[in-house]
Amino acid sequence: MRGVRDEQGDAAETDVDFFEAIHSSGVKTLCLDEAHHLRSEWWRALEELREKEPDMTVISLTATPPYDASKGEWDKYIGLCGPIDEEIIVPELVKEGSLCPHQDYVYFNMPTKEEADAVETFRKDAASVAEQIFEDEEFAAAIQTHAGLRQPMQHAEQLLEKPEYLSSLLVFLNARKLPFSRELLHMLGAGDNIPQIDLHWLEVLLQGFLYEDPESFSCEEKYREKLQELLKGHGLIQKRKVVLTADDQVDKTLVQSKGKIRSIVILAGEEYKNLGEKLRLLILTDYIKKEYMPALGNKDKSVNELGVVLIFENIRRAYEETPVGKELRLAALSGSIVLILDSAKETLTALMSEKGVGGSIKECVVPGYYQVSVSGSEETASGLVTEAFNRGDIRVLVGTKSLLGEGWDSPCINSLILASFVGSFMLSNQMRGRAIRVMKQEPDKVSNIWHLVCMEP
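Owing to the predicted nature of the structure, the values given are computational and were not obtained by experimental measurement. (Residues numbered from 1 in each chain as written. Predicted model: local features only at pLDDT ≥ 70, side-chain atom pairs only at ≥ 80, totals over all residues. Heavy atoms only, no water.)

## Observations concerning the overall build of the chain
Line of reasoning, step 1. Looking only at helices and strands, the chain features 20 helices and 13 strands.
Line of reasoning, step 2. Its C-alpha atoms give the chain a radius of gyration of 29 Å, more than 25% over the compact-globule value 23 Å for 457 residues.
Line of reasoning, step 3. Along the first, second and third principal axes, the C-alpha atoms of the chain reach 85 × 70 × 45 Å.
Line of reasoning, step 4. Burial status across the chain gives 44% buried among its 457 residues.
Line of reasoning, step 5. If you take every contact in the chain between residues at least 6 apart in sequence, the share linking residues at least 24 apart comes to 69%.
Line of reasoning, step 6. When the accessible surface of the chain is totalled, it reaches about 24700 Å², and 50% of it is carbon and sulfur.
Line of reasoning, step 7. Of the side chains in the chain, 51 bear a positive and 75 a negative charge, and the two mean positions are spaced by 5 Å. (Helix = DSSP H or I, 4+ residues; strand = E, 2+ residues; numbered from the N terminus. Rg over C-alpha atoms; globule rule 2.2 N^0.38 Å. Buried < 20%, exposed > 50% of the residue type's maximum accessible area, 1.4 Å probe, protein only. Contact = heavy atoms within 4.5 Å. Areas by Shrake-Rupley, 256 points an atom, 1.4 Å probe, with all protein chains shown as cover. Lys, Arg positive; Asp, Glu negative; His and termini not counted. Charge placed at Lys NZ, Arg CZ, Asp CG, Glu CD.)

Put into structure tokens, the structure is as follows:
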């Protein structure tokens, strides 16, 4: 165990049995803070401690349980921490003064024309292939051979394990006007109301036919391979998953929609209109996009993507010729790039001098804006910019979720835009936590949290 000191008080290293040290010390209670991290390696070490000290009481604390973890990780988490005994709801925390009042909003945008065209092309292609399969007599004959359709009662348990799959069989047969036992409808408890065939039902049916339940059909393997080739040729199978309703590329197109840039620009202006000089807006995104630095101040270069540099430049361009432009006091902060408006230059210069931090503040290609270079770690630059943000010399700050999304503390934030692709409950909740802290100097603080969603027409 490291950190032991010798008789002179100097640091020394020695071999100490950690478990024996814990046992002999008489420790009876173990408190695990930020317990949502205990799902892999930390879990192993602590589980060994639990096994050696079975009478030890464990208290686990977290604000973000890993609800979206895999079953294996969740089982490890619950196995170590135990079942959830008490959940403190948000209104209680607000009432008690641990969190400020806050509201989550969803802001929708439509895809751009290019994005909409790409999605429409996929949809038309999927519909065309689906129609071809639906009308294929050989496919219809193969579906009718399903063992559960021929002997419903003998296969009732198997069929009812996947009611959606059973429904897809009946929806297809009904649409093709092919006979089937009414016992199957009674199993589902659906009466005689059978949905119309669509891409979703055909997708479920094909998934079972090709991958999840092929042994239930009496069908030549050559035909199944032919069907797979047809679907793969149109990009409608991905990693043994039939995708007629949406594929990875369509999802990515919508999640990363360029229309979200416009949403961010609008929200920044509206939040300033509502909060004025009290505005402290944080915009979190995934990437820096440093390669777009030459686009700053150059309107001939497109900045239609999500990233720190790109969001910064879009907001700057949108408001540069309006009174709001200066009042937003825009800045960008990442591990490798720090950009500030002249309103923050004096503060950063004074802070660097006061704290003995080396570096430089040089005017960048955009008049009135400066690029800051700080000697030291990312935390050094982050601390300086955070202080300027707290003072109001910066009112809109664009940064990466990796640097500012978890662990970073700036209680003055009263508006947050999540321009991130993160789909994890735990991580998104960590990011939300940046905006919902109370602030003693601002007892009436209320925060807005904006989630961006691209919606298909």
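Okay, back to it.
## Comments concerning the pattern of salt bridges
Line of reasoning, step 1. Applying the stated criterion to the full structure yields 18 salt bridges.
Line of reasoning, step 2. Note that Arg-176 and Glu-137 form a salt bridge whose closest N and O atoms lie 2.9 Å from each other. Linking Arg-176 in the loop between helix 9 (163-175) and helix 10 (183-188) with Glu-137 in helix 6 (residues 137-143), this pair joins segments that are 39 residues apart in sequence.
Line of reasoning, step 3. For Asp-342, the salt bridge is made with Lys-326, and the minimal N-O distance between the two is 3.6 Å. With Asp-342 in helix 17 (residues 342-355) and Lys-326 in helix 16 (residues 323-327), this pair connects stretches of sequence that are 16 residues apart.
Line of reasoning, step 4. If you follow the salt bridges from partner to partner, you end up with Lys-299, Glu-313, Arg-316, Arg-317 and Glu-320 in one network. (Salt bridge = Lys/Arg side-chain N within 4 Å of Asp/Glu carboxyl O.)

## Structural notes on the pairing of strand 3 (residues 29-32)
Line of reasoning, step 1. In strand 3, alternate side chains face the same way, and those of Leu-30 and Leu-32 are buried while those of Thr-29 and Cys-31 on the opposite face are not.
Line of reasoning, step 2. Taken together, the four bridges between strand 3 and strand 4 (residues 57-60) define a ladder with parallel strand orientation. Residue Cys-31 lies in a different strand from strand 4, and its bridge partner there is Ile-59. (Pairing = 2+ DSSP bridges.)

## Concerning helix 3 (residues 71-81)
Line of reasoning, step 1. Taken together, the buried positions of helix 3 are occupied by Tyr-77, Leu-80 and Cys-81. The buried residues of helix 3 occupy an angular sector of 85 degrees when projected down its axis, which confines them to one face.
Line of reasoning, step 2. Where helix 3 ends, the next residue or the one after it, Gly-82, has phi of about 85 degrees, a positive value. (Arc of directions from axis to C-beta.)

## Let's talk about a negative patch on the surface
Line of reasoning, step 1. A surface patch of like charges, here negative, comprises Asp-85, Glu-86, Glu-87 and Glu-92.
Line of reasoning, step 2. Structurally, the position occupied by Glu-87 is in the loop between helix 3 and helix 4 (90-96). (Patch = residues over 30% accessible without salt bridge, like charges linked within 9 Å, V, L, I, M, F, W, Y side chains within 5 Å.)

## Re the packing of aromatic side chains
Line of reasoning, step 1. Tallying each qualifying case throughout the model produces eleven aromatic pairs.
Line of reasoning, step 2. On the numbers, 5.5 Å between centres and 85 degrees between planes, the contact of Phe-312 with Tyr-369 is edge-to-face. Here Phe-312 is found in helix 15 (residues 308-319), whereas its partner Tyr-369 is found in strand 10 (residues 369-374), with 57 residues between them in sequence. Pair check on accessibility: Phe-312 and Tyr-369 agree, each one buried. (Phe/Tyr/Trp six-rings, centres within 6.5 Å; stacked < 30°, edge-to-face > 60°.)

## Let's talk about the sheet that holds strand 11 (residues 396-400)
In a beta sheet, neighbouring strands pair by backbone hydrogen bonds and run either parallel or antiparallel.
Line of reasoning, step 1. In spatial order, the strands read 5-13-12-6-11-7-8-10-9; together these nine strands make up an open sheet with mixed pairing. On the outer flanks of this sheet lie strand 5 (102-109) and strand 9 (359-363), each paired with one strand and no other. Direction aside, neighbouring strands of the sheet carry axes that sit 20 degrees apart on average.
Line of reasoning, step 2. Relative to strand 10, strand 9 is paired through five bridges, and the arrangement is antiparallel. Along strand 10, the bridge assignment pairs Ser-360 with Ser-373. (Axes fitted to C-alpha atoms, helices over the stretch in contact; angles between N-to-C directions.)

## A closer look at the nonpolar core
Line of reasoning, step 1. Ranked by internal contacts, the top residues of the largest apolar core, which has 45 residues, are Phe-139, Ile-143, Leu-206, Phe-209 and Leu-231.
Line of reasoning, step 2. Of all elements in the fold, only helix 5 (113-134), helix 6, helix 8 (156-161), helix 9, helix 10, helix 11 (199-212), helix 12 (221-233) and helix 13 (248-255) reach the threshold of two or more residues within this core.
Line of reasoning, step 3. A total of eight residues in this core trace back to one element, the largest contributor, which is helix 11.
Line of reasoning, step 4. For Ile-143, the contacting residues outside a window of four places in its chain are Leu-149, Leu-169, Phe-172, Leu-173, Leu-205, Phe-209 and Phe-217. (Core = buried A, V, L, I, M, F, W, Y, C linked by side-chain atoms within 4.5 Å.)

## Thoughts on unusual backbone geometry
Line of reasoning, step 1. Phi angles above zero are rare outside glycine, and Lys-239 is one such case at about 55 degrees.
Line of reasoning, step 2. Relative to the helices and strands, Lys-239 is located in the loop between helix 12 and helix 13.
Line of reasoning, step 3. Among the residues examined, Lys-239 registers a relative accessible area of 82% and is labelled exposed.
Line of reasoning, step 4. Residues other than glycine seldom take positive phi values, yet Arg-329 does so here, at roughly 50 degrees.
Line of reasoning, step 5. Inspection of the secondary structure puts Arg-329 in the loop between helix 16 and strand 7 (330-333).
Line of reasoning, step 6. Judged by its relative accessible area of 23%, Arg-329 is partly exposed.

## Some words on a nonpolar patch on the surface
Line of reasoning, step 1. The grouping of Val-106, Phe-108, Met-110, Val-453 and Met-455 at the surface amounts to a nonpolar patch, some 430 Å² of accessible area in total.
Line of reasoning, step 2. With respect to the helices and strands, the residue Val-453 is situated in strand 13 (residues 447-454).

## A short note on the packing of helix 9 against helix 11
Line of reasoning, step 1. One way to put it is that helix 9 packs onto helix 11 with a least axis distance of 8 Å and a crossing angle of 110 degrees. The orientation of helix 9 relative to helix 11 falls into the category roughly perpendicular. Relative to helix 11, the crossing made by helix 9 is left-handed. Contact residues: helix 9 offers Glu-164, Tyr-165, Ser-167, Ser-168, Leu-169, Val-171 and Phe-172, while helix 11 offers His-200, Trp-201, Leu-202, Val-204, Leu-205, Gly-208 and Phe-209.
Line of reasoning, step 2. For the contact of helix 9 with helix 11, a count of residues per class yields nine nonpolar, four polar and one charged. (Parallel < 35°, antiparallel > 145°, perpendicular 65-115°, else oblique. Left-handed = near helix turned anticlockwise from the far one by under 90°. Nonpolar A, V, L, I, M, F, W, Y, C, P; charged D, E, K, R; others polar.)

## As for the confidence of the model for the chain
Line of reasoning, step 1. When the pLDDT values of the chain are averaged, the result is 87; 93% of them are 70 or greater.
Line of reasoning, step 2. Every residue in residues 1-7 scores below 50 in pLDDT, and together they form 14 contacts with partners more than four places removed in sequence or on other chains. (pLDDT = per-residue confidence, 0-100.)

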